[in-house]
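Observations on the three-dimensional arrangement
Here is how the chains run, residue by residue.
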Amino acid sequence: MTYLPRAFKALWHELPVLVAAGVLVCLSSGLVVLVSPGLSPISLLLGALLVGPAWAAVTATTDSIVRDDRGGVLLLLQNLKRHALAGLEVACVPAVIAALALLNWQLSSSAVFAIPLAVSGCATTLALLGSCHAFSLRVTTGLRGKTLWLTALHLAARAPLVPLGVLALVFVALLLGTSVTASLLLLAPGPVALFASAGTWTERHALHR
């Protein structure tokens, strides 16, 4: 079973909630940029604190759209209250790993730090790929801890094009938003979460067939 047709259908039928999702994520991201501009360990950890709960709410809503054909702005707001802590829990893992990788990179003038830099870089990549599935698995199935991340990484290993495609969408949205018009940044989070949800549940269904 594939959930992609529902995701494409929702791009129009669930447009209000997708726009609301974009506003929510962009507001939280804007606070991060305002408090800690640039890329630093502090900005990464602050991003987990502010953006993580918002992304969990958006993901829970897009999961509901692709799985149950049920969405709406009210559901998004309810999910923000319901899944804020879960979003913080999931977002902290890649944020902490990436912050350590950035610290290692800043100290990499010495050959002593070459191995920790390589290890932390690989760990950051895996955490980012796994997080494309981890939010859905946490907020919708209730998985947590080691079980959550092992399942997320298993799904990513089964079909690496799914998380790579999600990250590519994020990259293209950031590129167009910074070089063409910032309004694209407002429209991007909803569709990105929608296709991440569709990819996660398509692979999850294939895994349990």
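Scroll up for the structure.
My aim in this report is to walk through the structure given alongside it, one point at a time. Quick caveat: nothing in here was measured; it's all calculated off a predicted structure.

Overall, the coordinates contain three salt bridges when judged by the stated rule. Note that Glu89 and Arg138 form a salt bridge whose closest N and O atoms lie 3.2 Å from each other. Taken together, the positions of Glu89 in helix 4 (residues 73-106) and Arg138 in helix 5 (residues 114-141) put the pair 49 residues apart, joining distant regions of the chain. Under the relative-accessibility criterion, Glu89 is labelled partly exposed at 29%. With relative accessibility at 12%, the residue Arg138 sits in the buried group. Here Arg144 makes a salt bridge to Glu89, at a shortest N to O gap of 3.1 Å. On the criterion of sequence distance, the pair formed by Arg144 in the loop between helix 5 and helix 6 (145-158) and Glu89 in helix 4 is long-range, its members being 55 residues apart. One connected set of salt bridges, linked through shared partners, spans Glu89, Arg138 and Arg144.

For the rest of this paragraph, the subject is unusual backbone geometry. Of note in this structure, Asp69 is not a glycine but carries a positive phi near 60°. Relative to the helices and strands, Asp69 is located in the loop between helix 3 (41-68) and helix 4.

Reading the values: rules and limits
- Residues numbered from 1 in each chain as written.
- Predicted model: local features only at pLDDT ≥ 70, side-chain atom pairs only at ≥ 80, totals over all residues.
- Heavy atoms only, no water.
- Salt bridge = Lys/Arg side-chain N within 4 Å of Asp/Glu carboxyl O.
- Helix = DSSP H or I, 4+ residues; strand = E, 2+ residues; numbered from the N terminus.
- Buried < 20%, exposed > 50% of the residue type's maximum accessible area, 1.4 Å probe, protein only.

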